[in-house]
Amino acid sequence: MSGKPKLTYFNGRGRMESVRWLLAAAGVEFEEVFLETREQYLKLIQDGDLLFDQVPLVDIDGMKMVQTRAILSYIAGKHNLYGKDLKERALYIDTYVEGTMDLMQMILTLPFSLPEAKEKNLPLIIEKAKNRYFPAYEKVLKQHCQGFLVGNQLSWADVHLLEAILMVEEKDPTVLSEFPLLQGFKTRISNMPTIKKFLQPGSQRKPQPDDKYVATVMKILKEAMYYSI
Amino acid sequence: MAGKPKLYYFNGRGRMESIRWLLAAAGIEFVEEFLETREQYEKLLQDGALLFQQVPMVEIDGMKMVQTRAILGYIAAKHNLYGKDLKERALIDMYVEGTRDLIDLIRVHHKFSPEEQEKNLALINERATARYFPVYEKVLKDHGTEFLVGNQLTWADVQLIEAILMVEEKVSTVLSKFPLLQDFKTRICNIPTIKKFLQPGSQRKPPPDESYVVTANRVFNRK
């Protein structure tokens, strides 16, 4: 069964944004259904569409996929963004995306934490970006010398890293100042046609979360959210 | 480069336990180096052995791998525990993410105050019985074979049995409404490699105690 993947999520970044990035980078058009009311969400659960009662949900190739990592792995595998062998996949790509996922997770949960926590956590996130994650990827680029993180073509790892870089830069525009190779990487990957298109206004890329987004999510999920770094 | 995988972690479950389970299920012998002092950790950092300054780290096939999921994915694929095609992999990925979320609730339990632990215990019970176990019960029912995916043991089965036993340590009656999961538990626990791992003297670790917490805090300079 072909047809465009259909993404069900809130009208904002959250955990679905990495999926939007990867589909866009792969040049795959997709549709979106936005959750706006609790009733919509409860209906999805009643209909048995959400394996663990959670979104993201992506209808793709006849499967109702949930769990962000599972979705991303499937898309990467299907669209030749997952390296050429087990070693590239596991040793490099899986490892690198886990790092960028940890970094982006800190930022995506920030709007849902208590105000005192937000103030404390943002500097910690920037510190981790500058001292833990970006140095690691700068070193990979230096040693690998191919312009990509893995192999000699674009992979999920590159797309995910670009997403993370842009996200952190929104919080601190100077964050790449000590990382010349990452600066070059950012320019190069941003200029790849599919990604350049996604970065233009009018694409399905979502803006940073605002109060309205946070309120919508909390209303729909009615879950107590406690996140710590 | 052959040779046994070498696991670098604390002498306790934490994030490394799922890796011990999967290697054991695959019948792979492994050795362990336990972090006990800050100096050991700093040496690993200085040697550049920890890509993101974190453990778990597993030396395997000439590589120093970090990030639990990456390590598990590698072991699963290498030892024929990751399904036969992209779609089976997708199912396995979904299922292990679910059990991962459940295991993570329990993994951090000991870090909470007694009050918070009471709340967390209720959450663990609720999530296990209302969200996760019903799903796997249904998968077993609909799938009709002994395993969650395909017709042989996969990473998804191993992580589910790990999760079941972990929850049962906290809530002993948690499987009472899930007959198929009870059968699954019996069956999987009797697979020779897993049976061996469940016996005393194996490299399976006990639930975290006070000294585990103290060691981890010391190594990471946490207050």
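Since the structure is predicted, the reported quantities are computational estimates derived from the model, not experimental observations. (Residues numbered from 1 in each chain as written. Chains lettered and ligands numbered in written order. Predicted model: local features only at pLDDT ≥ 70, side-chain atom pairs only at ≥ 80, totals over all residues. Heavy atoms only, no water.)

Draft legend 1. Here's a closer look at the sheet that holds strand β3 (residues 57-60) of chain B. All names here are of chain B. The strand order β2-β1-β3-β4 describes an open sheet built from four strands, whose pairing is mixed. Among the strands making up the open sheet, the edge pair consists of β2 (31-34) and β4 (63-66). On average, each strand axis in the sheet is inclined to that of its neighbour by 20°, with strand direction left out of account. Strand direction decides the pairing type here: strand β1 (residues 6-9) and β2, joined by four bridges, are parallel. Counterpart to leucine 7 in the pairing with β2 is glutamate 32. (Pairing = 2+ DSSP bridges. Helix = DSSP H or I, 4+ residues; strand = E, 2+ residues; numbered from the N terminus. Axes fitted to C-alpha atoms, helices over the stretch in contact; angles between N-to-C directions.)

Draft legend 2. Expanded view of the packing of helix α6 (residues 155-170) of chain B against helix α7 (residues 179-189) of chain B. All names here are of chain B. Viewed as axis vectors pointing N to C, α6 and α7 meet at an angle of 110°, and their least axial separation amounts to 10 Å. As summarised for this structure, α6 and α7 are arranged roughly perpendicular, according to the angle between their axes. Considering the relative orientation of α6 and α7, their crossing is left-handed. In this structure, α6 contributes Asp157, Leu160, Ile161, Ile164, Leu165 and Glu168 to the contact, and α7 contributes Leu181, Phe184, Lys185, Ile188 and Cys189. Considered class by class, the residues forming the contact of α6 with α7 number eight nonpolar, no polar and three charged. (Parallel < 35°, antiparallel > 145°, perpendicular 65-115°, else oblique. Left-handed = near helix turned anticlockwise from the far one by under 90°. Contact = heavy atoms within 4.5 Å. Nonpolar A, V, L, I, M, F, W, Y, C, P; charged D, E, K, R; others polar.)

Draft legend 3. Here's a closer look at the UniProt feature "domain: GST C-terminal" (unreviewed entry) in chain B. Mapped onto this numbering, the UniProt entry annotates "domain: GST C-terminal" (unreviewed entry) at residues 85-208 of chain B. Across residues 85-208 of chain B, the secondary structure splits into 69% helix and 0% strand, with the terminal C-alpha atoms separated by 37 Å. (UniProt positions renumbered as here; feature names shortened; annotations may be inferred.)

Draft legend 4. Highlighting the domain arrangement of chain B. All names here are of chain B. What the domain assignment reports for chain B is domain 1 (6-79 + 198-219) and domain 2 (86-189). Domain 1 puts 18 residues into the contact, and the matching count from domain 2 is 14 residues. Both sides of the domain 1 and domain 2 interface together cover about 1500 Å² of buried area, and 63% of this is carbon and sulfur. At the junction of domain 1 and domain 2, the tally comes to three salt bridges. A salt bridge links glutamate 97 to arginine 69; its shortest N-O distance comes to 2.8 Å. Inspection of the domain 1/domain 2 interface yields four residue pairs in polar contact (both at pLDDT 80 or more). (Domains from an automatic or database assignment. Buried area = accessible area lost by both parts, 1.4 Å probe. Salt bridge = Lys/Arg side-chain N within 4 Å of Asp/Glu carboxyl O. Polar contact = N/O pair within 3.5 Å; in protein donor to acceptor, adjacent residues only side chain to side chain.)

Draft legend 5. Geometry of the packing of helix α1 (residues 17-25) of chain B against α6(B). Residues and elements named next belong to chain B. Taken N-terminus to C-terminus, the directions of α1 and α6 make an angle of 125°; their axes are 10 Å apart at the nearest point. With respect to α6, the axis of α1 lies oblique. Considering only the axes of α1 and α6, their crossing is right-handed. Of the residues in α6, those touching α1 at Glu17, Ser18, Trp21, Leu22 and Ala25 are Trp155, Val158, Gln159, Ile161, Glu162 and Leu165. Residues belonging to the contact of α1 with α6 are distributed by class as follows: seven nonpolar, two polar and two charged.

Draft legend 6. How the structure looks around the UniProt feature "domain: GST N-terminal" (unreviewed entry) in chain A. Under the local residue numbering, the UniProt record ascribes the feature "domain: GST N-terminal" (unreviewed entry) to residues 3-83 of chain A. A helix fraction of 36% and a strand fraction of 20% characterise residues 3-83 of chain A, whose end C-alpha atoms lie 25 Å from each other.

Draft legend 7. Representation of the pairing of strand β1 (residues 6-9) of chain A within the structure. Residues and elements named next belong to chain A. Bridging between β1 and strand β2 (residues 31-34) involves four bridges; their strand directions are parallel. Bridging from a neighbouring strand, leucine 7 pairs with glutamate 32 of β2. Handedness of the crossover is the feature at issue here: the chain leaves β1, passes through helix α1 (residues 17-25), returns alongside β2, and the resulting connection is right-handed. As paired elements, β1 and strand β3 (residues 57-60) share three bridges and run antiparallel to each other. Residue pairing in the sheet places threonine 8 in a bridge with leucine 57 of β3. (Right-handed = clockwise from strand over helix to strand, strands pointing away.)

Draft legend 8. Region of interest: helix α7 (residues 180-190) of chain A. All names here are of chain A. Here α7 has its buried residues at Leu182, Phe185, Ile189 and Ser190. Down the axis of α7, the smallest arc covering the buried residues is 115°, so these residues share one side. Taken together, the buried residues of α7 touch α5 (115-144), α6 (156-171) and α8 (193-198). (Buried < 20%, exposed > 50% of the residue type's maximum accessible area, 1.4 Å probe, protein only. Arc of directions from axis to C-beta.)

Draft legend 9. The arrangement of the interface of chain B and chain A in detail. Each side of the interface is counted separately: chain B has 30 residues, and chain A has 35 residues. Roughly 2900 Å² is buried in total at the junction of chain B and chain A, and carbon and sulfur atoms are behind 63% of that figure. Taken as a group, B:Phe52, B:Met94 and B:Arg131 account for 22% of the area that chain B buries against chain A, more than any other trio of residues on that side. Between chain B and chain A we count two salt bridges in total. Between B:Arg69 and A:Glu98 there is a salt bridge, and its shortest N-O distance comes to 3.4 Å. Residue assignment for the side of chain B that touches chain A shows that the elements contributing at least two residues are β4, α3 (68-78), α4 (86-107) and α5 (114-143) of chain B.

Draft legend 10. Expanded view of the domain arrangement of chain A. All names here are of chain A. Domain boundaries assigned for chain A yield domain 1 (6-79 + 200-221) and domain 2 (86-191). Taken over C-alpha atoms, the centre of domain 1 sits 22 Å from the centre of domain 2. Domain 1 puts 19 residues into the contact, and the matching count from domain 2 is 16 residues. Between domain 1 and domain 2, roughly 1600 Å² of surface is buried when both sides are summed, and carbon and sulfur atoms account for 64% of that area. In this structure, the connection of domain 1 to domain 2 is made through three salt bridges. With its nearest N and O atoms 2.7 Å apart, the salt bridge here joins glutamate 98 to arginine 69. For the pair domain 1 and domain 2, the interface holds five residue pairs in polar contact (both at pLDDT 80 or more). Listed by contribution, the elements that provide at least two residues to the side of domain 1 that touches domain 2 are α1, α3 (68-78) and α9 (211-221). Among the elements that take part in the side of domain 1 that touches domain 2, α1 stands out by supplying five residues, more than any other. By residue class, the composition of the side of domain 1 that touches domain 2 is 10 nonpolar, four polar and five charged.

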